[in-house]
Amino acid sequence: MFIHKLGTKVFSGKRHAAADSRAAGSYSKLPVMEKNSDRFDYTRAKVSDVEDNGSDESDDELFDRYKDGRQSGSSNIMETLDDLPPGIGQYDDFHTIDWLRDVARDRMRHRHIVKKRQEGCWEQVKGAHDAWSGWVCVLLVGVAAGTCAGLIDIGTSWMSDLKEGVCLEAFWFNREQCCWSGPSLNSTSFNDYDGCDQWYSWGRMMGGGPGGAGSYIIGYIFYILWALLFGVLAALMVRMFAPYACGSGIPEIKTILSGFIIRGYLGKWTLLIKSLGMMLSVAAGLSLGKEGPFVHVACCCGNIFSYLFPKYGRNEAKKREILSAAAAAGVSVAFGAPIGGVLFSLEEVSYYFPLKTLWRSFFCALIAAFVLRSINPFGNDHLVMFSIDYNEPWSLQELIPFILIGALGGCFGKFFIKFNIMWCRYRKNSRLGNYPIFEVVGIVFITALLSYPNPYTRMNSSELIRLLVSRCGPEDDVELCDYARKANMTDPYKWSALSSSGVGSAVWKLTLALIFKMIITIFTFGIKIPSGLFIPSMAVGAIIGRIIGIGVEQLVVTNSGSVFFSNICESPDKCIITPGLYAMVGAAAALGGVTRMTVSLVVIMFELTGGLEYIVPMMAAAMTSKWVGDALGRESIYDAHISLNGYPYLDHKEEFTHTTIAADVMRPRRNDPPLAVITQDSMTVDETESLLRNTEHNGFPVVVSKESQYLVGFVLRRDLNLAIANARKTSEGIVSNSVIYFTGHVPVNPNGPAPLKLRKILDMAPVTITDQTPMETVVEMFRKLGLRQTLVTHNGRLLGIITKKDVLRHIAQLRNQDPESILFN
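Here the structure is a predicted model, which is why all the values come from computation and not from measurement.

(A) Here's a closer look at the overall build of the protein. Per the secondary structure count, the protein includes 27 helices and 13 strands. Per-residue burial for the protein yields a buried fraction of 57% across its 825 residues. Taking the intrachain contacts of the protein between residues at least 6 apart in sequence as the baseline, contacts between residues at least 24 apart amount to 74%. Carbon together with sulfur atoms contributes 59% to the accessible area of the protein, which is approximately 34500 Å² in total.

This is how it looks when you write it as C-alpha cells:
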C-alpha cells in the first residue's frame with residue numbers, strides 16, 4: 001500500500017534535501033546537509049524566524065552540535081535487534097505500529113543476510129531458509145486453517161442434530177450420516193427421516209408416538225434445553241478462558257491488519273475457545289454463523305506460526321503479510337472459494353497488500369481448501385453445505401427482479417447496521433453489559449422458543465440456505481416443491497409449473513421466518529459468544545430471493561402466452577424460471593448490503609455456483625445493493641463496530657475534503673503545556689526518568705537543546721524505558737546523574753559518572769511536515785505510509801506533533817461526532 005511511495009515527494013521546509021544515506025527506504029524530513037556543504041539545506045534559519053527562546057548559542061554553534069549528533073555511527077532505527085536489549089523495537093498493547101520503521105528494519109536485516117552469504121555454505125543455507133520462510137509459513141497456516149475448519153464443520157453438524165435426536169447405533173453420526181448409512185431405510189427421500197430406524201428423536205426415545213402431541217412437546221422441551229446448554233457453555237468458556245473469542249473478529253482483524261496491536265487476540269487460547277465456541281453457538285440454533293469467525297481462527301493460526309520464523313515473529317509489519325494470507329485462507333474454507341478469499345483479504349480486511357502477499361495468499365487459500373476437501377466434512381464432495389449444481393439459463397427480463405432484490409438487500413443492510421449498532425451501544429453503556437452470560441441465556445431461550453414451531457427457523461441456517469437455493473424435482477416431497485407438474489412433462493427439473501397449496505404455505509412460513517431472523521439477528525450479533533454474520537444475512541437474502549423467485553415463476557407460468565415472456569417459455573407448458581437462482585442472488589445482495597463487498601462477493605458466489613452464466617445477475621444485485629446501501633449510509637457493519645469500539649482505524653476508502661492545516665491539529669495547542677522533548681546530550685538519567693513518570697506520551701522528539709528546538713530524531717517511550725532499565729542492570733557506572741547521549745561522539749569525562757549511549761534506539765529519520773501542510777495531505781500520508789506520528793516544524797524548528805489518534809479525533813470533530821470516542825493510540 002505504501003512501499004512504492006517511499007521515493008516520492010517529501011513534505012518539509014521551504015526546500016527539500018536528499019534523505020540521509022543510512023535511512024534508505026525511509027522519508028527524511030530533517031534539515032540534513034548537502035553532500036559537500038557545511039550549511040543547512042534550506043536558507044539558514046535565523047533565530048528571528050521563530051520565537052527566540054533565549055539561547056546564547058549562535059546558529060553556527062547550534063549547527064555544529066546538530067552536525068556532531070548526525071555524523072559518525074552507522075547504527076540507527078534499521079539496526080537488527082540482535083545486539084539490543086530484549087523488547088526493543090516492539091510495541092505496547094493497544095498501540096499502533098510504525099510501518100516505516102519496521103519495513104526499514106527488515107530491509108537492513110535482508111541486506112545483512114545478503115552480505116553474509118559470501119562467507120560460506122552455511123550462510124547460504126541460512127539465506128535460502130530466510131527466502132523460503134514466508135512460503136513455508138503460509139503452507140503451515142493453510143494446513144492448520146483447513147484442519148480446524150474440517151473439525152469445526154463436523155462438530156457443528158453433530159451437535160446441531162443432537163438437539164432433535166441421536167443415532168443409537170453410532171452416536172457420533174449426525175442425522176444425515178445415520179440415516180444414509182442405515183440398512184433399513186424405508187424412504188428414498190433425502191429430507192425424510194421418518195423411515196430411518198437408526199435415528200431416534202427425543203420424543204421417540206421417551207416413548208412418544210410418531211406425529212403425536214406428546215412427541216412434539218418432548219421434542220420441543222429437549223430442543224430448548226440442548227440450546228440453553230450449548231449457549232451457556234459457549235458463554236462460560238469465552239468469559240473464563242478467552243474474552244477475545246467473542247464476536248466475529250473481522251472488525252478487530254481489520255484494525256490489527258491496519259497496524260494496531262491487541263495482545264492475546266490471536267493467541268492459542270483464543271484459537272481453542274473460538275473453535276469450540278463456534279461449534280456450540282451454532283449448534284444452539286442462534287441466528288449466527290461460523291463462516292465469519294473462520295477468518296479469526298485462520299489469523300490465529302497465522303499469528304502462532306509466524307513466531308516460528310523470527311523474520312515475521314519479531315517484525316509487526318512483516319507479520320501482517322502472514323495475517324493477510326491467513327484471512328484469505330479463512331474465507332477459502334468458509335465458502336470453498338480460494339480466489340474469493342484472496343479478493344476478500346485484498347478488498348475488505350488488508351491495509352497493506354504487496355504483490356508477494358497476493359501470491360502467498362493465493363497459495364495459502366489453495367492449501368486450506370485442499371485440506372478441507374480431503375477431510376470432506378459434509379460427505380458430499382463439496383466444500384460448503386449449500387453448493388448448487390444447476391445451470392439453467394436466465395433471461396434478460398429477469399434483470400428487473402434481480403435489481404429489485406439488490407435494492408432490498410441494500411435496504412436490509414442499512415436497517416440491520418443501524419439497529420444493531422443502537423443495541424450494541426445500549427449494551428455497552430447500560431448495566432446489561434455487566435451480565436453477558438444472562439444476555440446469552442435470554443437470547444438463546446427466546447430464539448429456541450420461537451424457532452421450533454417453524455421448520456424453516458428450526459433448521460440450521462446453512463441447511464436453510466441449501467434448501468432455498470436448490471431446485472425442485474418430482475421426487476422432492478417438501479412443501480416448498482409442491483408443484484402441479486404434468487405427468488408427461490419431460491425433464492421436470494428444468495420446466496416450471498403452477499404451484500399447489502404446499503408452496504403457498506411455505507411462502508407464509510418463509511415470510512414469518514424472514515421477519516423473525518431480521519429482528520433476532522439484530523440482538524444476536526455482538527453477544528459474548530463467537531458469532532458470524534455471513535450466514536444469517538445470506539439466509540435473510542435467500543428467503544427474500546426465494547419468495548420473489550416463486551412470485552416471478554408463477555407470474556410467468558400463468559402468463560406463458562404473453563409476448564413479454566416469449567423468450568422464457570418455449571411453449572405454454574415449458575417455461576424456465578429457477579427460484580433457487582433468485583435465492584442465491586438474494587443471499588449475495590443481503591451479504592453485500594451488510595458488508596459492502598463487491599468484487600470479492602461476486603467471485604465467492606461464482607465459486608459457490610460454478611456457473612459462469614450467473615455472473616451478470618450476481619454483479620447486478622451486488623452493485624445495486626452497494627449503491628443503495630451507500631446512499632443510505634456508507635459504513636459497513638464492520639466499520640460501524642470499529643467506530644463503536646473506538647479503534648484507531650483510518651479507512652483509506654474515505655476522502656478528506658476539509659481545508660484545515662497541520663497547525664490546527666497538532667499538539668500542543670495554544671493553552672497546553674509545552675511539548676515534552678529530550679535533548680541529545682544534556683539530560684541525565686534521573687531527569688529522563690522523571691519525564692517518563694510525569695508524562696504518558698508514546699514517544700519523545702530528541703532536539704539539540706531546549707532553547708534551539710532543532711530536531712535530531714524521535715525515540716519511543718517503550719524503547720527508552722527498556723534501554724535505561726537494561727543499562728542500570730548490566731552496565732557499570734550508570735547512575736542517576738549519568739548523562740544520556742543520542743550522539744555518535746561522546747566526550748570523555750574521567751571524573752564524572754559513566755555516560756549512557758542510546759543512539760541505537762533513536763529514529764533519526766522521523767517523518768516531519770511543516771505547520772502549513774494541508775490536512776488532506778497529512779491524512780493521505782497516514783493512510784498510505786502507515787504512520788504512527790509525524791512531527792511538525794517551522795523553518796527547521798520543532799513546533800509540535802500529530803499522532804494517528806489526533807487525526808481520527810479531528811475527522812470525528814469535523815463530522816460533529818464525539819472526538820473522545822477514539823479510545824486507543
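(B) Spotlight on the nonpolar core. Residues Phe335, Met538, Met605 and Ile802 are the most contacted members of the largest nonpolar core, which totals 174 residues. With 12 residues, helix H19 (residues 534-558) is the single largest residue contributor to this core. Formed by 25 residues, the second largest nonpolar core is a distinct cluster that contains Ala676, Val704, Ile734 and Leu762.

(C) Molecular detail of the sheet that holds strand E10 (residues 756-757). One open sheet holds the three strands; their spatial order is E6-E9-E10, and the pairing between them is mixed. Strands with a single pairing partner mark the edges of an open sheet, and in this sheet they are strand E6 (683-684) and E10.

(D) A look at the state of the cysteines. Enumeration over the complete set of coordinates arrives at three disulfides. The disulfide partner of Cys569 is Cys575, and the S-S distance across this bridge is 2.0 Å. Torsion about the S-S bond of the Cys569 and Cys575 cystine: about 110°, corresponding to right-handed handedness. Judged by its relative accessible area of 2%, Cys575 falls in the buried class.

(E) Just unusual backbone geometry, in detail. Along the chain, Arg667 connects to Pro668 via a cis peptide bond; the corresponding omega equals 5°. Along the polypeptide, Pro668 turns up in the loop between helix H23 (637-645) and strand E5 (678-679). Unusually for a residue other than glycine, Asn816 sits at a positive phi of about 60°. Here Asn816 lies in the segment after helix H27 (804-814). The exposed category is assigned to Asn816, whose relative accessible area is 74%.

(F) Up close: the packing of helix H6 (residues 213-241) against helix H8 (residues 268-283). Look at H6 against H8: their axes get within 8 Å of each other, and the N-to-C directions meet at 165°. Between H6 and H8, the interaxial angle falls into the category roughly antiparallel. In the crossing of H6 with H8, the sense of the turn from one axis to the other is left-handed. Each of Phe230, Leu233, Ala234, Met237, Val238 and Phe241 in H6 lies in contact with H8, whose residues at this interface are Trp269, Ile273, Leu276, Gly277, Leu280, Ser281 and Ala283.

(G) Summary view of the environment of Gln198. As for its placement among the helices and strands, Gln198 is situated in the loop between helix H4 (175-181) and strand E2 (199-201). Taking the C-alpha atoms as reference points, Gln198 and Cys178, 20 residues apart in sequence, are found 6.5 Å from one another.

(H) Representation of the packing of aromatic side chains. In total, this model carries 29 aromatic pairs according to the counting rule given. Where Trp172 meets Phe173, the ring centres are 5.9 Å apart and the plane angle is 70°; that geometry is what we call edge-to-face. For Trp172, a relative accessible area of 53% puts it in the exposed group. Aromatic side chains Trp423 and Phe523 sit 4.9 Å apart centroid to centroid with 75° between the ring planes, which places their arrangement in the edge-to-face category. With Trp423 in helix H14 (residues 399-429) and Phe523 in helix H18 (residues 501-524), this residue pair connects regions lying 100 residues apart in the sequence. Judged by its relative accessible area of 29%, Phe523 is partly exposed. Following the ring pairs from residue to residue traces out a cluster consisting of Phe94, Phe260, Tyr647 and Phe824. The ring of Tyr351 carries the charged tip of Lys804 above its face, separated from the ring centre by 5.8 Å.

(I) Local environment of the environment of Leu233. Along the chain, the position of Leu233 falls in helix H6. Considered as a pair, Leu233 and Leu280 are 47 residues apart in the sequence and their alpha carbons are 7.3 Å apart.

(J) Highlighting the pattern of salt bridges. A complete count under the given rule lists 28 salt bridges for this structure. Note that Asp719 is salt-bridged to Arg101, the shortest N-O span being 2.6 Å. Here Asp719, found in helix H25 (residues 717-730), pairs with Arg101, found in helix H2 (residues 99-116); they are 618 residues apart in sequence, far enough to count as distant. For the residue pair Asp719 and Arg101, the accessibility class agrees, reading buried in each case. The network of salt bridges with common partners includes Asp106, Arg109, Asp130, Lys318, Glu321 and Arg360.

(K) The sheet that holds E5, seen in detail. One open sheet holds the three strands; their spatial order is E5-E7-E8, and the pairing between them is mixed. Of all strands in the sheet, those with a lone pairing partner are E5 and strand E8 (711-716), marking the two edges. In the sheet, strand E7 (residues 699-703) pairs with E8 via five bridges, with the strands oriented antiparallel. Paired with Val702 across the bridge in E8 is Gly713.

(L) Molecular detail of the packing of helix H26 (residues 775-785) against H27. Two elements in contact, H26 and H27, have axes separated by 11 Å at closest approach and are oriented at 130°. Compared by their axis directions, H26 and H27 come out oblique. With respect to the hand of their crossing, H26 and H27 are arranged in left-handed fashion. Every residue of H27 that contacts H26 at Met775, Val779 and Phe782 is listed here: Lys804, Val807 and His810.

(M) Highlighting the pairing of E7. The buried count for E7 comes to five of five residues, which makes it a mostly enclosed element. Here E5 pairs with E7 via two bridges, running parallel. When the sheet's bridge partners are listed, Thr679 is paired in E7 with Val703.

(N) View of H23. Of all nine residues in H23, seven are buried; the element is thus mostly enclosed. Buried within H23 are the following residues: Ile637, Tyr638, Asp639, Ala640, His641, Ile642 and Leu644. Buried residues along H23 sit in contact with helix H7 (250-257), helix H12 (338-349), H14, H19 and helix H20 (579-595). At the C-terminal side of H23, Gly646 shows a positive phi close to 75°.

(O) Molecular detail of the pairing of strand E13 (residues 797-803). Within E13, six of the seven residues are buried, which leaves the element mostly enclosed by the surrounding structure. In the sheet, strand E12 (residues 789-794) pairs with E13 via six bridges, with the strands oriented antiparallel. Considered in E13, the bridge of Val792 is made with Gly800. What sits between E12 and E13 in their antiparallel hairpin is a turn of two residues, with Asn795 showing a positive phi close to 55°.

(P) Structural context of the confidence of the model for the protein. Looking at the protein, the pLDDT average stands at 83 and 85% of residues meet or exceed 70. The lowest-confidence element of the protein is helix H1 (residues 59-70), averaging 52 in pLDDT; the highest-confidence one is H14, averaging 95. Confidence drops under a pLDDT of 50 for residues 1-56, and excluding neighbours within four residues, the segment shows 127 contacts in the predicted structure. pLDDT under 50 marks residues 182-194. Its contacts with residues more than four places away, or in other chains, come to 20 contacts.

(Q) Summary view of H20. For H20, which comprises 17 residues, the first-to-last C-alpha distance of 24 Å matches the rise-based estimate of 24 Å (1.5 Å per residue) to within 8%. Counting buried positions along H20 gives 17 out of 17 residues, so the element sits mostly inside the fold. Remark: Arg596 follows H20 within two positions and exhibits a positive phi of approximately 65°.

(R) Quick look at the environment of Phe523. Separated by 80 residues in sequence, Phe523 and Ile443 place their C-alpha atoms 7.6 Å apart. Apart from the residues within four sequence positions on either side, Phe523 is in contact with Trp423, Arg427, Glu439 and Ile443.

Reading the values: rules and limits
- Residues numbered from 1 in each chain as written.
- Predicted model: local features only at pLDDT ≥ 70, side-chain atom pairs only at ≥ 80, totals over all residues.
- Heavy atoms only, no water.
- Helix = DSSP H or I, 4+ residues; strand = E, 2+ residues; numbered from the N terminus.
- Buried < 20%, exposed > 50% of the residue type's maximum accessible area, 1.4 Å probe, protein only.
- Contact = heavy atoms within 4.5 Å.
- Areas by Shrake-Rupley, 256 points an atom, 1.4 Å probe, with all protein chains shown as cover.
- Core = buried A, V, L, I, M, F, W, Y, C linked by side-chain atoms within 4.5 Å.
- Pairing = 2+ DSSP bridges.
- Disulfide = S-S within 2.5 Å.
- Axes fitted to C-alpha atoms, helices over the stretch in contact; angles between N-to-C directions.
- Parallel < 35°, antiparallel > 145°, perpendicular 65-115°, else oblique.
- Left-handed = near helix turned anticlockwise from the far one by under 90°.
- Phe/Tyr/Trp six-rings, centres within 6.5 Å; stacked < 30°, edge-to-face > 60°.
- Lys NZ or Arg CZ within 6 Å of the ring centre and 35° of its normal.
- Salt bridge = Lys/Arg side-chain N within 4 Å of Asp/Glu carboxyl O.
- pLDDT = per-residue confidence, 0-100.
- Expected span 1.5 Å × (residues − 1).

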